[in-house]
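Okay, here's what each chain looks like letter by letter:
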Amino acid sequence: MFTNIFKILGLVCVAVVVAISLYMHWLVNKKAGQAAESVGNFVVRGSAVRMILVILAAVFLVASELI
């Protein structure tokens with residue numbers, strides 16, 4: 001029962017990381033040369049969120065295998 005929940009949560013985290021990465025790539029390409037500081041701040045915050053989500057995904061996927 002819990003293994004399915006942890007596996008689903010891990011896969012959701014991975015999907016969100018991919019979506020954030022694609023959005024950041026699109027935003028940086030669209031705003032190249034314009035408002036570089038605000039885009040830079042968004043990229044820094046987005047990178048921190050991606051790092052946390054990758055760690056959570058790893059924890060959930062490992063937990064789904066251990067339980």
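The preceding data block contains the structure.
Residues numbered from 1 in each chain as written. Predicted model: local features only at pLDDT ≥ 70, side-chain atom pairs only at ≥ 80, totals over all residues. Heavy atoms only, no water.

(A) Local environment of the packing of aromatic side chains. Going through the model one piece at a time under the given rule, you end up with three aromatic pairs. Plain terms: the ring middles of F6 and F60 are 6.1 Å apart, the flat faces sit at 15° to each other, and that makes the pair stacked. One end of the pair, F6, is in helix α1 (residues 2-30); the other, F60, is in helix α2 (residues 36-66), with 54 residues separating them in the sequence. Here the aromatic rings of Y23 and F42 are separated by 5.6 Å at their centres, their planes lie at 85°, and the arrangement is edge-to-face. Of this pair, Y23 sits in helix α1 while F42 sits in helix α2; the two residues are 19 residues apart in sequence, bridging distant segments of the chain. (Phe/Tyr/Trp six-rings, centres within 6.5 Å; stacked < 30°, edge-to-face > 60°. Helix = DSSP H or I, 4+ residues; strand = E, 2+ residues; numbered from the N terminus.)

Honestly, it's all geometry; don't read function into it.
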